[in-house]
Amino acid sequence: VKDAVGNVLADGDSVTIIKDLKIKGSSTSVKVGTKVRNIRLISPVDGHDIDAKVDGFGSMYLKSSIVKKVL
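Basis of the calculations
- Residues numbered from 1 in each chain as written.
- Predicted model: local features only at pLDDT ≥ 70, side-chain atom pairs only at ≥ 80, totals over all residues.
- Heavy atoms only, no water.
- Core = buried A, V, L, I, M, F, W, Y, C linked by side-chain atoms within 4.5 Å.
- Buried < 20%, exposed > 50% of the residue type's maximum accessible area, 1.4 Å probe, protein only.
- Helix = DSSP H or I, 4+ residues; strand = E, 2+ residues; numbered from the N terminus.
- Polar contact = N/O pair within 3.5 Å; in protein donor to acceptor, adjacent residues only side chain to side chain.
- Contact = heavy atoms within 4.5 Å.
- Pairing = 2+ DSSP bridges.
- Axes fitted to C-alpha atoms, helices over the stretch in contact; angles between N-to-C directions.

Colleague: Help me understand the nonpolar core in this model?
Modeller: Nonpolar side chains in soluble globular proteins tend to end up buried together. Within the largest apolar cluster, 14 residues are counted, with the highest numbers of intra-cluster contacts made by Ile-17, Val-36, Ile-39, Ile-50, Leu-62 and Val-67. Broken down by secondary-structure element, the contributors of at least two residues to this core are β1 (15–17), β6 (48–54) and β7 (58–62). In terms of residue count, β6 provides more of this core than any other element does, three residues in total.

Right, dumping it as structure tokens:
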């Protein structure tokens, strides 16, 4: 699984969000630059291939195309 710029992702990596994400059922959104630590790679579910806990939002699935690995 590769991130938006082509870096290979692995379990336990830290990533940052590169695009604002609207959350269903919530008036707030996950902003650009939000850091997500300790990701887990999963088999794709509706295009989402990362399971992670986002600070302030809890556990959610993310697409690898909207994250960038922190080097």
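Colleague: I'm lost on the side chain of Asp-3 in this one. Help?
Modeller: Among the structural elements, Asp-3 can be located in the segment before β1. A distance of 2.9 Å separates the side chain of Asp-3 from the backbone nitrogen of Gly-6, its partner in a polar contact. Apart from residues lying up to four places away in sequence, Asp-3 is in contact with Leu-9, Ser-64, Val-67, Lys-68 and Lys-69.

Colleague: Just to check I follow, could you spell out the side chain of Asp-49 for this structure?
Modeller: Looking at the element boundaries, Asp-49 is found in strand β6. Residues within four places of Asp-49 in sequence aside, it is in contact with Val-1, Arg-40, Leu-41, Ile-42, Pro-44, Leu-62, Lys-63 and Ser-64.

Colleague: What is the right way to read the sheet that holds strand β5 (residues 40–45) from this model?
Modeller: Sheet strands associate in pairs through backbone hydrogen bonding, adopting either a parallel or an antiparallel arrangement. Sheet architecture is open: three strands sit in the order β5-β6-β7, paired in antiparallel fashion. With partners counted over all chains shown, the strands left at the sheet margins are β5 and β7, one partner each. Between one strand and the next, the sheet's axes are offset by a mean angle of 35°, whatever the strand orientation.

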